[in-house]
Amino acid sequence: MIIVLKNGVGRTEAGVLAAELEKQGVTVDFSEGANQIVLGLVGDTTVINDEVVRANRLVEKVMRVQEPYKRANRKFHPKDTIFELPGADGKKIRIGGDSFVVIAGPCSVESREQISSIAADVKKSGAAFLRGGAFKPRTSPYSFQGMGGHGLDLLLEAKKETGLPIVTELMETSQLELFEEVDVIQVGARNMQNFALLKVLGRCRKPILLKRGMACTMTELLMAAEYIMAGGNDRIILCERGVRGFDNYARNILDLAVIPALKQKSHLPVIVDPSHATGLAWMVPAMAKAAIAAGADGIIVEVHNNPERALCDGEQSITPDAFSDLMETLRKYAALEGKVI
Ligand code: PEP
Ligand code: MN
């Protein structure tokens, strides 16, 4: 961090500020120009609150050289984070590295028949995880809110039947006790900056699928990951799911460029959600292929056995047949990128 002091601030006053900063564990180098002193902070500057420094009456300008996140930062952890989870039929699922993970299932669990039939279909086509929401964050309070605890039970039944590990969204900390047998906890886009939730998930020992907020920057996504990691949980999968734009030809704008950017800045695995990113089933295959080409470590895709009758997100859900075709194509694309599905 570089702190430029105001014109005319003398060495004594600057020394007092430097001593304050050094109390926070950094060392401060002085560089004295004709009229201005510049302080260079060396060490772990993630603990320094730039807003406080900016508010100091001696300070003209503050520039961060280092990113404000540390645990999620590739500089402090150059190797990719790769972790394994038990999959169906005694197989191991690798997340990160040279593997491309496919998570598939309906937006919401709607009935026993629905979830168990989709689970069997996506398993047959080669999905590694079953997704399905039991607690749904809906824009309208009058829309289907998910089946809640009963939906979670049905998801767990489908897990038992197929062996597929499950990914499902947790909306508030009080639900955590119901998530004992959930394999990966999803933090939805709307909750990416629910810091109380992130702190609790930092203390839990389950992998977290962290979706990017629809109006959040890459740095904010990494800071949300940092919250979870600061609590001691470092098994995080980042997910790009589209951001708000000015055009309405699709539900969101899939920010494909954030994939290489995230991979450069962070060691965490990154997946793409082509379903929420586009909102349109016919666009999903193209964006899933693009995700592989952009270097993603996987996708999460909505599959429904009857999209026209889906209680949530039918327009963006692909059918089990379309999913099966997509998997065949993705295997070829993944191989080109040196990845295995
Ligand atoms: C979902 O995965 O069904 C969901 C609600 O996603 P997002 O949080 O990205 O909108
Ligand atoms: Mn959905």
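Report on the accompanying structure. Here the structure is a predicted model, which means the values were calculated and not measured.

1. Thoughts on the pattern of salt bridges
For step 1, the next point in the chain: What the rule picks out here adds up to 20 salt bridges.
For step 2, the next point in the chain: Asp313 is the partner of Arg251 in a salt bridge, and the nearest nitrogen-oxygen pair spans 3.2 Å. Within this pair, whereas Arg251 is found in the loop between strand 12 (236-240) and helix 7 (258-265), its partner Asp313 is found in the loop between strand 14 (298-302) and helix 10 (320-336), the two being separated by 62 residues in sequence.
For step 3, the next point in the chain: The shortest N-O distance in the salt bridge between Asp297 and Lys263 comes to 2.4 Å. Of the two residues, Asp297 is situated in the loop between helix 9 (284-293) and strand 14 and Lys263 in helix 7; the sequence distance between them amounts to 34 residues.
For step 4, the next point in the chain: Using a relative accessible area of 2% as the deciding quantity, one classes Asp297 as buried.
For step 5, the next point in the chain: On the accessibility criterion, Lys263 (16% relative accessible area) is buried.
For step 6, the next point in the chain: Each member of the salt-bridge network shares a partner with another, and the members are Asp50, Arg54 and Arg64.

2. Considering the site of ligand 1
For step 1, the next point in the chain: Cys107, Arg131, Lys136, Glu169, Gln186, Gly188, Ala189, Arg190, Lys211, Arg241, His276 and Glu302 make up every residue found near ligand 1.
For step 2, the next point in the chain: Separating an oxygen atom of ligand 1 from a side-chain N or O atom of Gln186 is a distance of 3.0 Å.
For step 3, the next point in the chain: At 2.7 Å, a backbone N or O of Ala189 approaches an oxygen atom of ligand 1.
For step 4, the next point in the chain: Contact with the protein chains covers 97% of the free accessible surface of ligand 1, which is 290 Å².

3. Things to note about the sheet that holds strand 3 (residues 37-42)
For step 1, the next point in the chain: Spatial strand order, 2-3-1-4: 4 strands in an open sheet with antiparallel pairing. Two strands close off the open sheet at either side, each with one partner strand: strand 2 (27-32) and strand 4 (59-63). The sheet shows a mean angle of 20° between the axes of neighbouring strands, taken without regard to direction.
For step 2, the next point in the chain: In terms of strand pairing, strand 1 (residues 2-5) meets strand 4 through 4 bridges, oriented antiparallel. Considered in strand 4, the bridge of Ile2 is made with Met63.

4. Focus on the side chain of Arg131
For step 1, the next point in the chain: Of note, Arg131 is situated in strand 8 (residues 129-131).
For step 2, the next point in the chain: Within the structure, the side chain of Arg131 is placed 3.1 Å from the backbone oxygen of Pro106, a separation counted as a polar contact.
For step 3, the next point in the chain: Polar contacts involving the side chain of Arg131 include one to the main-chain carbonyl oxygen of Cys107, which spans 3.0 Å.

5. Considerations on the pairing of strand 1
Both faces of the sheet carry side chains from a regular strand, because those side chains alternate between them.
For step 1, the next point in the chain: As paired elements, strand 1 and strand 3 share 3 bridges and run antiparallel to each other. Residue pairing across strands places Val4 opposite Val38, the latter belonging to strand 3.

6. Some words on empty space enclosed by the protein
For step 1, the next point in the chain: This structure, assessed with the given rule, holds 1 cavity of 30 Å³ or more.
For step 2, the next point in the chain: Here the largest cavity defines a volume of roughly 30 Å³.
For step 3, the next point in the chain: Taken together, Arg131, Gly132, Gly133, Lys136, Val167, Thr168, Glu169 and Gln186 make up the lining of the largest cavity.
For step 4, the next point in the chain: When residues in the lining of the largest cavity are grouped by element, the largest group, 3 residues, is from strand 9 (residues 166-169).
For step 5, the next point in the chain: Residues belonging to the lining of the largest cavity are distributed by class as follows: 1 nonpolar, 4 polar and 3 charged.

7. A short note on the coordination of the manganese ion (ligand 2)
Six octahedral donors around a metal ideally sit at 90 or 180 degrees from one another, while four tetrahedral donors ideally sit at 109.5 degrees.
For step 1, the next point in the chain: Distances from the manganese ion (ligand 2) to its protein donors, Cys107 (SG), His276 (NE2), Glu302 (OE) and Asp313 (OD), fall within 2.0 to 2.4 Å.
For step 2, the next point in the chain: Linear spacing of the donor residues for the manganese ion (ligand 2) on their chain is C-x168-H-x25-E-x10-D. Linking His276 in helix 8 (residues 274-278) with Asp313 in the loop between strand 14 and helix 10, this pair joins segments that are 37 residues apart in sequence.

8. Details of the pairing of strand 5 (residues 83-86)
For step 1, the next point in the chain: Side chains of strand 5 alternate between two faces, with Phe83 and Leu85 buried and Glu84 and Pro86 left unburied.
For step 2, the next point in the chain: Bridge count between strand 5 and strand 6 (residues 92-95): 4 bridges; the pairing is antiparallel. Looking at the pairing, Phe83 lines up with Ile95 of strand 6.
For step 3, the next point in the chain: The antiparallel pairing of strand 5 with strand 6 creates a hairpin that spans 5 residues between the two strands, and Asp89 there sits at a positive phi of about 55°.

9. Thoughts on helix 7
For step 1, the next point in the chain: When we look at burial in helix 7, the residues that qualify are Val258, Ile259, Leu262 and Lys263. Seen end-on, helix 7 carries its buried residues on one side only, within an arc spanning 135°.

10. Digging into the nonpolar core
For step 1, the next point in the chain: Ranked by internal contacts, the top residues of the largest apolar core, which has 66 residues, are Val122, Leu130, Leu210, Leu238, Ile299 and Phe323.
For step 2, the next point in the chain: With 7 residues, helix 6 (residues 218-230) is the single largest residue contributor to this core.
For step 3, the next point in the chain: Among the nonpolar cores identified, the runner-up in size contains 18 residues, and Ala18, Val28, Ile37 and Leu58 belong to it.

Rules used throughout
- Residues numbered from 1 in each chain as written.
- Chains lettered and ligands numbered in written order.
- Predicted model: local features only at pLDDT ≥ 70, side-chain atom pairs only at ≥ 80, totals over all residues.
- Heavy atoms only, no water.
- Salt bridge = Lys/Arg side-chain N within 4 Å of Asp/Glu carboxyl O.
- Helix = DSSP H or I, 4+ residues; strand = E, 2+ residues; numbered from the N terminus.
- Buried < 20%, exposed > 50% of the residue type's maximum accessible area, 1.4 Å probe, protein only.
- Near = heavy atom within 4 Å.
- Polar contact = N/O pair within 3.5 Å; in protein donor to acceptor, adjacent residues only side chain to side chain.
- Areas by Shrake-Rupley, 256 points an atom, 1.4 Å probe, with all protein chains shown as cover.
- Pairing = 2+ DSSP bridges.
- Axes fitted to C-alpha atoms, helices over the stretch in contact; angles between N-to-C directions.
- 1 Å grid on protein atoms, 1.4 Å probe; cavity = no way out; pocket = protein on both sides within 12 Å on 5 of 7 lines; lining within 4 Å.
- Points joined across faces, edges and corners; volume = space filled by probe spheres on them.
- Nonpolar A, V, L, I, M, F, W, Y, C, P; charged D, E, K, R; others polar.
- Donors = N, O, S within 2.8 Å, 3.2 Å for Na, K, Ca; no water.
- Arc of directions from axis to C-beta.
- Core = buried A, V, L, I, M, F, W, Y, C linked by side-chain atoms within 4.5 Å.

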